[in-house]
Amino acid sequence: QVQLVESGGGLVQAGGSLTLSCAASGRTFSSYVMAWFRQAPGKEREFVGGITWSGGTTYADSVRGRFTIARENANNTVYLQMNSLKPEDTAVYLCAARRALINTSPRLYDYWGQGTQVTVSS
C-alpha cells in the first residue's frame, strides 16, 4: 500500500515557476514508477511526465523543456519543477504510482494522491 500527498500548488503569473512535491508512504517507494498527471475542469486526466526508480524520465510534448521531474528515494519524495508556466497549464496536478514501466494512461496507475491546484494567470 502506498499513500501519496501532493503539495506546492498555488497561483502564479504566466511565465512564472512552481515546484510541486509528492510525499509517499511505504518502505518500497524506490521500486515504484512515479508520474504526474493533471486534470482541468471538463477535461480528461492528462499525463504530464513520469520517472523510473533509477531516474529515467518521460514527458508529454506539451511540457517537455519546461517541466522537470526528479525523485529522492531516501526521502520518499518526487518533485515536479514547472517553469515558463502558461495559462493552459492551469489544472489540478496529481501524482501517481505503479510498479511497472512508465505509462501515459491513468487507468494503469494503482495509487493516487488527492491533487493540488495550480492556477496560471495571464
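Throughout what follows, the structure given in this document is the object of discussion.

Each helix and strand in the protein chain was counted, giving zero helices and 11 strands. Its helices and strands taken in sequence order, the protein chain reads β-β-β-β-β-β-β-β-β-β-β from the N to the C terminus. Burial analysis of the protein chain (122 residues in total) assigns 43% to the buried set. Taking as baseline every contact in the protein chain between residues at least 6 positions apart, the subset at least 24 positions apart corresponds to 58%. The positive charge centre, built from 11 side chains, and the negative charge centre, built from 8, are 5 Å apart in the protein chain.

Taken in spatial order, the four strands of this open sheet run 1-3-8-7, and their pairing is antiparallel. Lying at the two open borders of the sheet, with one neighbouring strand each, are strand 1 (4-7) and strand 7 (67-72). Sheet twist, expressed as the average angle between the axes of neighbouring strands with direction ignored, equals 15 degrees. Sheet analysis places strand 7 next to strand 8 (residues 77-82), joined by six bridges and oriented antiparallel. By the bridge assignment, Ala-70 is partnered in strand 8 with Tyr-79.

This part takes up the environment of Ala-97. Here Ala-97 shows up in strand 9 (residues 91-98). Spatially, the C-alpha atom of Ala-97 lies 26 Å from that of Leu-11, the residues being 86 residues apart in sequence. Dropping the residues within four chain positions of it, Ala-97 is found in contact with Leu-4, Tyr-32, Val-33, Met-34, Tyr-109, Asp-110 and Tyr-111.

Below, the discussion takes up the nonpolar core. Of all hydrophobic cores here, the largest spans 30 residues; its most connected members are Leu-4, Met-34, Trp-36, Phe-67, Leu-80, Met-82 and Tyr-93. For this core, the secondary structure elements donating two or more residues are strand 3 (18-24), strand 4 (33-39), strand 5 (46-51), strand 7, strand 8, strand 9 and strand 11 (116-121). Core analysis: the next-biggest nonpolar cluster, separate from the first, contains six residues, Val-33, Ala-35, Phe-37 and Tyr-109 among them.

Two cysteines, two sulfur atoms, one covalent bond between them: this is a disulfide. Counted under the stated rule, the structure contains one disulfide. Linked covalently through their sulfurs, Cys-22 and Cys-95 form a disulfide whose S-S length is 1.9 Å. A torsion of 50 degrees about the S-S bond marks the disulfide between Cys-22 and Cys-95 as right-handed. A residue pair is termed long-range when its members are at least 10 positions apart, and Cys-22 in strand 3 and Cys-95 in strand 9 qualify at 73 residues. Judged on exposure class, the residue Cys-22 and its partner Cys-95 are both buried.

On to the pattern of salt bridges, then. Within the structure shown, the criterion is met by four salt bridges. Arg-38 serves as the salt-bridge partner of Asp-89, at 2.9 Å between the closest nitrogen and oxygen. With a gap of 51 residues between them, Asp-89 in the loop between strand 8 and strand 9 and Arg-38 in strand 4 connect regions that are remote in the sequence. For Arg-38, a relative accessible area of 6% corresponds to the buried category. The closest approach of N and O atoms between Arg-66 and Asp-89, which form a salt bridge, is 2.8 Å. One end of the pair, Arg-66, is in the loop between strand 6 (57-59) and strand 7; the other, Asp-89, is in the loop between strand 8 and strand 9, with 23 residues separating them in the sequence. The burial state of Arg-66 is the same as that of Asp-89; both residues are buried. Through salt bridges that share partners, Arg-38, Glu-46, Arg-66 and Asp-89 make up one connected network.

About the cut-offs
Residues numbered from 1 in each chain as written. Predicted model: local features only at pLDDT ≥ 70, side-chain atom pairs only at ≥ 80, totals over all residues. Heavy atoms only, no water. Helix = DSSP H or I, 4+ residues; strand = E, 2+ residues; numbered from the N terminus. Buried < 20%, exposed > 50% of the residue type's maximum accessible area, 1.4 Å probe, protein only. Contact = heavy atoms within 4.5 Å. Lys, Arg positive; Asp, Glu negative; His and termini not counted. Charge placed at Lys NZ, Arg CZ, Asp CG, Glu CD. Pairing = 2+ DSSP bridges. Axes fitted to C-alpha atoms, helices over the stretch in contact; angles between N-to-C directions. Core = buried A, V, L, I, M, F, W, Y, C linked by side-chain atoms within 4.5 Å. Disulfide = S-S within 2.5 Å. Salt bridge = Lys/Arg side-chain N within 4 Å of Asp/Glu carboxyl O.

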